[in-house]
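Breakdown of the fold
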Amino acid sequence: MPQLNPAPWLAILTFSWLIFLTVIPPKILAHSFPNEPTPHSTKAPKTDPWMWPWH
Amino acid sequence: MALSFFDQFMSPNFLGIPLIAMAIALPWTLYPTPSTRWLSNRLLTLQNWSINRFTQQLLLPLNQEGHKWAALLASLMIFLLSLNMLGLLPYTFTPTTQLSLNLGLAVPLWLATVIIGMRNRPTHALGHLLPEGTPSLLIPILIIIETISLLIRPIALGVRLTANLTAGHLLIQLIATASFVLLPLMPTVAVLTTALLFLLTLLEVAVAMIQAYVFVLLLSLYLQENV
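Attention here is on the structure that accompanies the text. (Residues numbered from 1 in each chain as written. Chains lettered and ligands numbered in written order. Predicted model: local features only at pLDDT ≥ 70, side-chain atom pairs only at ≥ 80, totals over all residues. Heavy atoms only, no water.)

Comments concerning unusual backbone geometry
Residues and elements named next belong to chain B.
- One non-glycine residue, Leu15, adopts positive backbone phi at about 55 degrees.
- Take Leu15: it is sitting in the loop between β1 (13-14) and β2 (17-18).
- On the basis of relative accessible area, Leu15 is assigned to the exposed category, the value being 74%.
- Phi is positive for Tyr91, which is not a glycine, with a value near 65 degrees.
- Residue position: Tyr91 is located in the loop between α3 (70-86) and α4 (99-120). (Helix = DSSP H or I, 4+ residues; strand = E, 2+ residues; numbered from the N terminus. Buried < 20%, exposed > 50% of the residue type's maximum accessible area, 1.4 Å probe, protein only.)

A closer look at the interface of chain B and chain A
- Chain B puts 37 residues into the contact, and the matching count from chain A is 24 residues.
- For the pair chain B and chain A, the summed buried surface comes to about 2600 Å²; carbon and sulfur atoms form 79% of the total.
- At the boundary of chain B and chain A, one finds zero salt bridges.
- Along the contact surface separating chain B from chain A lie six residue pairs in polar contact (both at pLDDT 80 or more).
- Where the side of chain B that touches chain A is concerned, the elements lending two or more residues are α1 (19-25), α2 (42-59), α3, α4 and α6 (139-185) of chain B.
- Sorting elements by how many residues they give to the side of chain B that touches chain A places α4(B) first, with eight residues.
- For the side of chain B that touches chain A, a count of residues per class yields 25 nonpolar, twelve polar and no charged. (Contact = heavy atoms within 4.5 Å. Buried area = accessible area lost by both parts, 1.4 Å probe. Salt bridge = Lys/Arg side-chain N within 4 Å of Asp/Glu carboxyl O. Polar contact = N/O pair within 3.5 Å; in protein donor to acceptor, adjacent residues only side chain to side chain. Nonpolar A, V, L, I, M, F, W, Y, C, P; charged D, E, K, R; others polar.)

Here's the deal with the pattern of salt bridges
Residue and element names in this part refer to chain B.
- Following the criterion strictly, the structure yields two salt bridges over all chains and no others.
- Residue Lys68 is joined to Glu65 by a salt bridge in which the shortest nitrogen-to-oxygen separation is 3.3 Å.
- Here Lys68 falls in the exposed class, since its relative accessible area comes to 63%.
- Residue Glu225 pairs with Arg153 through a salt bridge whose shortest N-O separation is 3.2 Å. Taken together, the residues Glu225 in helix α7 (residues 187-226) and Arg153 in helix α6 connect sequence positions 72 residues apart.
- Judged by its relative accessible area of 23%, Glu225 is partly exposed.

A word on empty space enclosed by the protein
- The full count for this structure, using the stated rule, is two cavities of 30 Å³ or more.
- Here the largest cavity defines a volume of roughly 40 Å³.
- Every element with two or more residues in the lining of the largest cavity is listed here: α6 and α7 of chain B.
- For the lining of the largest cavity, a count of residues per class yields four nonpolar, two polar and one charged.
- Each pocket or cavity is described by its volume, and for the second largest cavity that value is around 30 Å³.
- A per-element tally of the lining of the second largest cavity places helix α2 (residues 24-29) of chain A first, with three residues.
- Its residues assigned to classes, the lining of the second largest cavity comprises five nonpolar, no polar and one charged. (1 Å grid on protein atoms, 1.4 Å probe; cavity = no way out; pocket = protein on both sides within 12 Å on 5 of 7 lines; lining within 4 Å. Points joined across faces, edges and corners; volume = space filled by probe spheres on them.)

Encoded structure:
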């Protein structure tokens, strides 16, 4: 079975880890996941009066 | 030299360039890096949604500590899924058929979970070696069995992926060869064999996705035990 040929093992190992650590995580981490948008309600929200002083 | 059916798995070299390097390095051109644009294109939106949902599902059984592994596990899933799926195209090379790559991923990641468990919660980690409610007489032998099953995990993880993909590719090549050879001799049988080949290719698409998922899922389970 050619997979058992130990000659390219180290090269494949180091190269795959190199790509796995340097190329992919920045691409994955650059994705941002914003919050789900909340739907507008038809009624205006109830406002509480301003009780405390400005300063 | 006469080609055998296993020669498709030899790490190919062309003009001195190891093509496995191209096979590992190029699939990421299919994943554009998102910018700070509010609305991206369809491809990016689709990938964004998939990564989000997948990571959410995968991290459900993990506690807060385990969530630190989110980026790693998501990257691993994308890595394996892309390599597996692209290998099903004609004339491509599947790097995940190489035992070196799969063991090279499985052993360090499994070892990381074990070391994390042993460092932070050694009693809890070792407690997994004895299932609750075992009769006292069976304790020594069960500890031995559980230790063996623990140590066999990385090998199983790597070899599972290798064997599944190798077997799939081998089957595809065998049945395609059969279909091709039978074409002048028994055309009807050749047509049936081609139909079988089509179904097999569909199966291999499923296997490619499932095996990538199983690898990452098992790793998350090993993490869940130890974190």
